[in-house]
Every structure is written in structure tokens, then in C-alpha cells.
Amino acid sequence: MKETKCLAVLAAVLMLASALLGCNSTKSGAAGSAVANTKKCGVVLGDAFQGFSILDQSSASDVTVNADGSVSYIATAAGGGGGGVAFYVKADNTEINIANYESIDIELDYAPVEGAWNAAAKNPGFALRILPWDSTGIFGGYEDMEYFDSDALSGTLKKTVVVPENFAERIKSSSDYDSILGFGIKFNDYERGNTDGDKLAVTIKSVRFNRKAAAPADKAFDDGLTDAQRGSVVEISYPTKDYTAGENAASYEKHAWVYLPAGYDAADTATKYPVFVLLHGFAQNENTWGLTNKGRGGKIKGYMDRGMASGDVKKFILVVANGIASASWGPNGAGMDFNGFNVFGGELRNDLLPYMRANFNVADGRENVALAGLSMGGGQTFTIGMGECLDLVSYFGAFSAALFGTSEDFIAGVEAKFPDYKINQLYMICGDADGLVYGTFPGYVDSLSKWGKIAKFDSEVYEGGTHDFPVWYRGFSHFIPMLFK
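What this report covers is the structure whose coordinates are included nearby. (Residues numbered from 1 in each chain as written. Predicted model: local features only at pLDDT ≥ 70, side-chain atom pairs only at ≥ 80, totals over all residues. Heavy atoms only, no water.)

## Details of the side chain of Asn 368
By the element assignment, Asn 368 lies in the loop between α5 (344–359) and β18 (369–374). Within polar-contact distance, the side chain of Asn 368 engages the backbone oxygen of Asp 364 at 2.8 Å. Those residues in contact with Asn 368, other than ones at most four positions away along the chain, are Pro 274, Val 275, Ala 363 and Phe 484. (Helix = DSSP H or I, 4+ residues; strand = E, 2+ residues; numbered from the N terminus. Polar contact = N/O pair within 3.5 Å; in protein donor to acceptor, adjacent residues only side chain to side chain. Contact = heavy atoms within 4.5 Å.)

## A closer look at the nonpolar core
A general trend in soluble globular proteins is that nonpolar side chains are found buried together. Core analysis: the largest hydrophobic core is formed by 51 residues, its most contacted members being Met 356, Phe 360, Phe 382, Met 428 and Leu 448. Residue contributions to this core peak at 6 residues, all from α5. Not counting chain neighbours up to four residues away, the residues in contact with Leu 448 comprise Phe 382, Phe 410, Ile 411, Leu 426, Met 428, Ile 454 and Phe 457. (Core = buried A, V, L, I, M, F, W, Y, C linked by side-chain atoms within 4.5 Å. Buried < 20%, exposed > 50% of the residue type's maximum accessible area, 1.4 Å probe, protein only.)

## With respect to the environment of Gln 229
Structurally, Gln 229 is set in the loop between β13 (199–211) and β14 (232–241). With a relative accessible area of 32%, Gln 229 lands in the partly exposed category. Residues Gln 229 and Ala 262, spaced 33 residues apart in sequence, show a C-alpha to C-alpha distance of 5.4 Å. Among residues more than four places away in sequence, those in contact with Gln 229 are Gly 224, Ala 262, Asp 305 and Ala 309. Here the side chain of Gln 229 touches Thr 226 through a polar contact of 2.9 Å, landing on its backbone nitrogen.

## Quick word on the sheet that holds strand β19 (residues 395–399)
The strand order β14-β15-β17-β16-β18-β19-β20-β21 describes an open sheet built from 8 strands, whose pairing is mixed. Unpaired on one side and paired on the other, β14 and β21 (457–462) mark the two borders of the sheet. Taking the axes of each pair of neighbouring strands and ignoring which way they run, one obtains an average angle of 20° across the sheet. Strand direction decides the pairing type here: strand β20 (residues 425–431) and β21, joined by 6 bridges, are parallel. Each bridged residue has a counterpart across the sheet, and for Tyr 427 the counterpart in β21 is Asp 458. Against the sheet, helix α8 (residues 441–448) engages β20 and β21, with an angle of about 160° to β20. Contacts from helix α9 (residues 469–479) reach β16 (275–279), β17 (317–320), β18, β19, β20 and β21, with the element oriented near 155° to β20. (Pairing = 2+ DSSP bridges. Axes fitted to C-alpha atoms, helices over the stretch in contact; angles between N-to-C directions.)

## Looking at unusual backbone geometry
Positive phi outside glycine occurs at Asp 62, with the angle close to 55°. Inspection of the secondary structure puts Asp 62 in strand β5 (residues 61–65). With relative accessibility at 58%, the residue Asp 62 sits in the exposed group. Positive phi outside glycine occurs at Asn 93, with the angle close to 65°.

## A word on the sheet that holds strand β7 (residues 84–88)
Reading across the sheet, the 4 strands line up as β7-β12-β9-β10 and stay open at both edges, with antiparallel pairing between neighbours. The sheet is open, and its two edges are formed by β7 and β10 (143–149), each paired on a single side. Taking each pair of neighbouring strands and ignoring which way they run, the sheet shows an average axis angle of 15°. Sheet analysis places strand β9 (residues 125–132) next to β10, joined by 6 bridges and oriented antiparallel. Across the sheet, the residue bridging to Gly 125 is Asp 149, located in β10. Those strands touched by helix α2 (residues 167–175) are β9, β10 and β12 (180–188), and its axis lies near 130° from that of β10.

## Let's talk about the pattern of salt bridges
Summed over the entire model, instances satisfying the criterion amount to 21 salt bridges. As a salt-bridge pair, Asp 109 and Lys 205 come within 3.5 Å of each other at their nearest N and O atoms. Of this pair, Asp 109 sits in strand β8 (residues 101–112) while Lys 205 sits in strand β13, and the two are 96 residues apart along the sequence. By relative accessible area, Lys 205 is classed as buried at 9%. Note that Glu 143 and Arg 170 form a salt bridge whose closest N and O atoms lie 3.4 Å from each other. Of this pair, Glu 143 sits in strand β10 while Arg 170 is found in helix α2, placing the two residues 27 residues apart along the sequence. Overlapping salt bridges, with partners in common, bring together Glu 107, Asp 109 and Lys 205 in one network. (Salt bridge = Lys/Arg side-chain N within 4 Å of Asp/Glu carboxyl O.)

See below:
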């Protein structure tokens, strides 16, 4: 019995020693003297060490900074959107240039949470997510560098990710500048057999960015715009009601984000702007597009600021709204209520557009209204925008739209309801590796390109694109120069 207890104590001591030596350690002391170990978990840039600095908008629970500097959290499966934690690359929150680096070393511990893991799922997978200068977090503007899998259900994973030769160009095509603000380690639950709600415990121990030989110094982001050339972002709460509850539904205040272009002056009521309503996808909400009044405002704000400053984009007001017309999903609710999804047209017509015109300098007329959305919101652009509100809206964008029914039935329905209204612009984009909705895309494109009701039709296939934000950000950036011209 004593021997068993001694072995248990020895095992505990060995486990503690292993934990203390888990990250980079420094040793001091003369030969024969006691050796002090100081564990240093964090980010290494070349030879420069710094601790982890967490971006505000991560997507994980139980985020903990441990005594050794490592960061632990729980990531949860959510239909391919398994979460993670986003980190700044540099502790002072300035940027690096990814073209200066050849590889990234990652070390992390992971284990499924007991009782919260589908036994039929594959071993946990991860993605190294790179966050450009305009990112607002793990889902707020990113480019995935590499997906990689673990070899066991739990354990320690060490991975060296080679920076692809074209990666800097990918960043610039998305964000215009090779300026990297941060990175994230995301739990990859996309088509891996996980059930929504599966939980994975992760501890990020070290991330090392290995510089290329003779690489130049990193430069902080500078797009050349002055503060006067940048728009502003405000939050609104507008009165609406639960359109799933019938005529006697109680009213409530619903949250949304509004972008105001540079030079907007509330007192200058003689200057009116078009308005663009942007919608989210299934299980998302008005925050998903990343527009915010914090930091740099998010990726789509950068597209609008730069486009409007150059004159390529006509100035407009953008409202990013929650497309679920149900009180149980606002404010800041998740978009998974199909009844609320289907009746959003009433809220758009009776509440949101009237509020925008009453409280902002918004121009009258359908010629000054645009509607677009991703996935489920792209489907609403069809069914609600063109199908129910063509008398209110004339510009439409559908990014990986979830489309139901045939294109022929859709066209016939719109023709019957709105025989006298034209569509000024319809733009569609979808990734050809999108297993969820690409199957309907080519047929709709073929039919709509021949539809005489559309004055201007544009479509785009994103090669290799999946049902994810790189496609939707490109869609937004390509759509806005088409508006209101």
C-alpha cells in the first residue's frame, strides 16, 4: 500500500514537472546548482518573444490565461463554425507583413470534453486563420492558411505550417494591403462528423513566426486615407414587432449597425444618400459581418472607406440588420427561426426602412434602396427583396444564396406580383466547392441572365470557394461599386 502511494506521488510530481516544462523554458545557475525553469508560452516573431494578447472578438467559452502564459478555452461545433481564440501577432497591436515569413510553428494541447463529443466524429481538426489589418476577430475578416488534423482523439499537437508563396497576394486581394494584425487557431468541425454542440478543450502553448533570411522590417498598416476620408459606424435600436405573433404582437426595440459615409452631416438634410440593407446567414446575426464602432470598424468598412474615397463606390448609408423578425432573436439574437426569417418583409417595409428615412438623411424612392445577404440572407434577397418588396428595392446582391424551388417558378412569381417594376442590378456569387448551395447556382444564373426584367445582371464563380466568408467578403467588395449609378 505504501509503495502504491509513493508511486502515485511520484507520478503526480512527474506530471507537474512535465507541465512546467511544456513551453519554452530558460535555465539559470552554475553547474551543480539548482536549475530554475521559467516557462514562457506565447508568440515568437523571429527571435523576439512576447506573451499572448487576445483580440476582443474571439468565439470560445471559458477562455483562461494560465500562469505559464498559455491560453485555454472551449471551442464548440456549430455547423462548420467551430470557434477558437484570436490573438494579436504583436503585443503592441501593430502589424507584420506575412510576406516576410516562411513558416509558422504551432504547439497546442487538445481533448474532447467528456460527454460532449460525437463518438463517430473524426479526430479533432484545426485551421490556422490569419487575420488581416481590417479583421475584428476569429470570424471578422480572415484568410485560412492551412487546415490540419490531429493523429489522436486527444494529446499534444505540434505543427509547422509553411506560408504559401501566394499568401501575401491572397491577403492583398482581400484587404488591399499585406498587413497582418493577428491569427486564430480554429476548431474545424466542417463535415467531420461532429454534432452541433460538440466541445473541444484547447490550450494554445506557443506560436512561432519564422522569418525569411534577409527579410525587411515589418511595416505597420497605412492605407493613406485621412480620418476625414473614413466613414463612421453607429448602433441603432429601432421599434418593430414580432411578425411571427400576428397583428396584436407587442412592440420591442431591435438592434442594428449603421455605416455613415465620410462627410455625412446629420444637420445637412438637403444632402440625401441611398441606403443599402445587408443581411446575415443561418445561425448568425447582425454582428456576423464584423461591422463595428470599435477599432478599425471591420473589413466591410474598409471596403466602403477606400471605395468611396477613390470614387469607385458612390456614397451610401449601410444598415446591417438582423433578418429574423421575431422578438426571441433580438437584440443580438441568433438567426435560426425560420418563421421569423420568412416574415422579415413586413419588418423591412413597415419598420426598418421608415426608421432609416426618419432618422438619417436617406433619399426617397426604390431607386435609392439596395438589399443583399449571404446564404440565408441571400435567399431572403430573392424571396423577400424581389419576391415581396420589389416596389421598395431596385438593387440586389446574393452571396452563396440559399435558393429553394426552381428559377422558373421564382421568375413567374415575381412577374405576377410586380409586372411594372424593373430590377436595376442583380449580382450573384458562389464558390464552386460550396457543397451546400452551389448545385442551384448555375441554373439560376442561366435563367436570370436571360430575364428581361433585370437591367444589369452580373455573376461570379469563386474558384475553390466554400460556404464561408472569403466568398462573401469578395461578393460585398465586388457588389458595392455597382450600386446607385
